[in-house]
Number of protein chains: 2
Amino acid sequence: MSVQERKERERAGRERLIVATARELAEQQGWDAVTTRRLAERIEYSQPVLYSHFRGKREIIGAVALEGAAEMATALRAATSAAAGPRARVIALARAYLDFAARNPAVYDAMFQLDGGLAFAHEDTPEPLKDAFAALLESLGEVAGDGVHPALFTELFWAALHGLATLTRAGRLPPEDTERRTELLVDRLAML
Amino acid sequence: MSVQERKERERAGRERLIVATARELAEQQGWDAVTTRRLAERIEYSQPVLYSHFRGKREIIGAVALEGAAEMATALRAATSAAAGPRARVIALARAYLDFAARNPAVYDAMFQLDGGLAFAHEDTPEPLKDAFAALLESLGEVAGDGVHPALFTELFWAALHGLATLTRAGRLPPEDTERRTELLVDRLAML
DNA sequence: CTCGATTGTCTAGCGGTGCTAGGATCGATT
DNA sequence: AATCGATCCTAGCACCGCTAGACAATCGAG
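Residues numbered from 1 in each chain as written. Chains lettered and ligands numbered in written order. Predicted model: local features only at pLDDT ≥ 70, side-chain atom pairs only at ≥ 80, totals over all residues. Heavy atoms only, no water.

Draft legend 1. Main features of the side chain of B:Arg188. Its place among the elements puts B:Arg188 in helix H9 (residues 178–189). Despite its burial, B:Arg188 pairs with no opposite charge; the closest candidate is B:Asp187, at 7.8 Å N-O. There is a polar contact of 2.7 Å between the side chain of B:Arg188 and the backbone oxygen of A:Leu189. Aside from chain neighbours lying at most four places away, what touches B:Arg188 is A:Val143, A:Ala144, A:Gly145, A:Val148, A:Phe153, A:Arg188, A:Leu189 and A:Met191. (Helix = DSSP H or I, 4+ residues; strand = E, 2+ residues; numbered from the N terminus. Buried < 20%, exposed > 50% of the residue type's maximum accessible area, 1.4 Å probe, protein only. Lys, Arg positive; Asp, Glu negative; His and termini not counted. Salt bridge = Lys/Arg side-chain N within 4 Å of Asp/Glu carboxyl O. Polar contact = N/O pair within 3.5 Å; in protein donor to acceptor, adjacent residues only side chain to side chain. Contact = heavy atoms within 4.5 Å.)

Draft legend 2. Fine view of the protein's contact with DNA strand D. In the vicinity of DNA strand D, 17 residues are found, and the nearest of them are A:Thr35, A:Thr36, A:Gln47, A:Lys57 and B:Ser46. Each atom of DNA strand D within 4 Å of the protein belongs either to a base or to sugar and phosphate, the latter forming 55%. Of all elements in the fold, only helix H2 (36–42) and helix H3 (47–51) of chain A together with helix H3 (47–53) of chain B reach the threshold of two or more residues within the surface near DNA strand D. Residue composition of the surface near DNA strand D, by class: seven nonpolar, five polar and five charged. (Near = heavy atom within 4 Å. Nonpolar A, V, L, I, M, F, W, Y, C, P; charged D, E, K, R; others polar.)

Draft legend 3. The interface of chain B and chain A, seen in detail. Contacts between chain B and chain A engage 33 residues on the former and 33 residues on the latter. Between chain B and chain A, a total of about 3,000 Å² is buried, with carbon and sulfur atoms accounting for 69% of that surface. Remark: the boundary between chain B and chain A carries two salt bridges. With a closest N to O distance of 2.5 Å, B:Glu155 and A:Arg181 form a salt bridge. Our count for the contact surface shared by chain B and chain A stands at eight residue pairs in polar contact (both at pLDDT 80 or more). Elements that contribute at least two residues to the side of chain B that touches chain A include exactly helix H6 (105–113), helix H8 (150–169) and H9 of chain B. No other element matches the twelve residues that H8(B) contributes to the side of chain B that touches chain A. Looking at the side of chain B that touches chain A residue by residue, the class counts come to 21 nonpolar, six polar and six charged. (Buried area = accessible area lost by both parts, 1.4 Å probe.)

Draft legend 4. Focus on the packing of helix H4 (residues 57–81) of chain B against helix H5 (residues 86–103) of chain B. All names here are of chain B. Between H4 and H5, the shortest axis-to-axis distance is 8 Å and the interhelical angle comes to 150°. As summarised for this structure, H4 and H5 are arranged roughly antiparallel, according to the angle between their axes. Here H4 and H5 pass one another in a crossing that is right-handed. Residue-level inspection shows Gly 68, Glu 71, Met 72, Ala 75, Leu 76, Ala 79 and Thr 80 of H4 in contact with H5, the latter providing Arg 89, Ala 92, Leu 93, Ala 96, Tyr 97 and Phe 100. Tallied by class, residues from the contact of H4 with H5 come to nine nonpolar, two polar and two charged. (Axes fitted to C-alpha atoms, helices over the stretch in contact; angles between N-to-C directions. Parallel < 35°, antiparallel > 145°, perpendicular 65-115°, else oblique. Left-handed = near helix turned anticlockwise from the far one by under 90°.)

Draft legend 5. Structural context of the protein's contact with DNA strand C. Taken together, 18 residues lie near DNA strand C, and A:Ser46, B:Thr35, B:Thr36, B:Tyr51 and B:Lys57 sit nearest. Backbone atoms, meaning sugar and phosphate, form 55% of the atoms of DNA strand C found within 4 Å of the protein. Contacts to DNA strand C include B:Thr35, whose side-chain N or O atom sits 3.3 Å from a phosphate oxygen. Split into classes, the residues belonging to the surface near DNA strand C amount to seven nonpolar, five polar and six charged.

Draft legend 6. View of the side chain of B:Ser139. Examined against the element boundaries, B:Ser139 turns out to sit in helix H7 (residues 127–140). With near-sequence residues (within four places) excluded, B:Ser139 lies in contact with B:Thr80, B:Arg89, B:Val90 and B:Leu93.

Draft legend 7. Just the relation of the copies chain B and chain A, in detail. Between the two copies, chain B and chain A, the superposition gives an RMSD of 0.1 Å; the rotation angle is 180° and the shift along the axis is 0.0 Å. What the superposition gives is, in effect, a two-fold axis relating one chain to the other. (Least-squares fit on C-alpha atoms with pLDDT ≥ 70 in both.)

Draft legend 8. Quick peek at the packing of H8(B) against H9(B). Residues and elements named next belong to chain B. For the pair H8 and H9, interaxial distance at closest approach is 12 Å and the crossing angle is 170°. Put simply, H8 runs roughly antiparallel to H9. The element H8 and its partner H9 pack so that their crossing is right-handed. Residues Phe 153, Leu 156, Phe 157, Ala 160, Leu 161, Leu 164 and Thr 168 of H8 form the contact with H9, whose participating residues are Thr 178, Arg 181, Leu 185, Val 186 and Leu 189.

Draft legend 9. Quick look at unusual backbone geometry. Not every positive phi belongs to a glycine, and A:Glu44 is a case in point at roughly 60°. With respect to the element layout, A:Glu44 can be found in the loop between H2 and H3.

In structure tokens:
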């Protein structure tokens, strides 16, 4: 019995190693550099081992995305809980979101740009993703305004943040105005 | 002299054919299906011919993106010019933007999701892209509000539209609420 | 303690990708 | 009409994601 448990532990550990290595490699050299060969070499196993843990590269990306979603949810809640008042809370939320995207570009790509084979807006949406949206909803629901569905407002606010994050990182928006855009976004969208 | 001109015409025609075929193939089967081999086969030339027109696949994507940007600018101006009053104009602009993204997903991807090797927010930004932004600015500048830089406001509005477009198309946002989100966006962001 | 079965891992390879070197062919010019 | 340069294609490179089948290590039964 204990032998089997040890093996399962080792297996789980190796799976974490795969995901962590993929994430690290992606942050260092971009997702294009994350090939199954390079990944296998880094974890010091052969390629087929990857396929005994994941169906393919997509699922590895998906695993990184889920890890990232959980981290983002934590970061958002930490930022909002340290803020006093609705406006400060929403500002902190927006900053934390954009900051996460800027600091973890590869993870953010895994979550929203790449195909990680993850479902959304359905019942089979993975828990961490639903929770990250819930973290947004918690702070944004209170500033949606009268007669506006909190979820709809959160979707819009999220979309704006997502647009800012991706366009900024792609070099489409000058980074030095990020703070001003953030404040404008909050002051216009949120009903304080 | 005329011989050389004819050859140049033929060459230009073939280049248009390449771009149009790439776009068509991408809209039909997605950009993953646009391989240099398939593209070459469709235009009934061999692969190396592509490389006598473009440095590589990236540049082909970039060419589709530029074509799309020009079309989008036209579509945005057409939509706004047919609207009376600031709010109607901004609503029409937002609808036209989201409509373009939804109707031309592959082109939109070429413009903003894929790496087409295009520069942005620099002096060497290609003209069609600057013009598309200008088309946004024309209608949004008048509703930026006092003391708010029109360009900054346009960037924010654009980011929100971009976020709505990409998240909706990726299945992250339910499409049936698009209209409600659009109206909420306009009524909150724009100072009417 | 040995031996067969099961599990785990690796080597090798398939069909595909973007891209290019080098030879053949065609056509305009002298 | 001969030449010579532009044009295009065949063939191939290194790499990709993924998998079949051989091999070794480990386990359980006798």
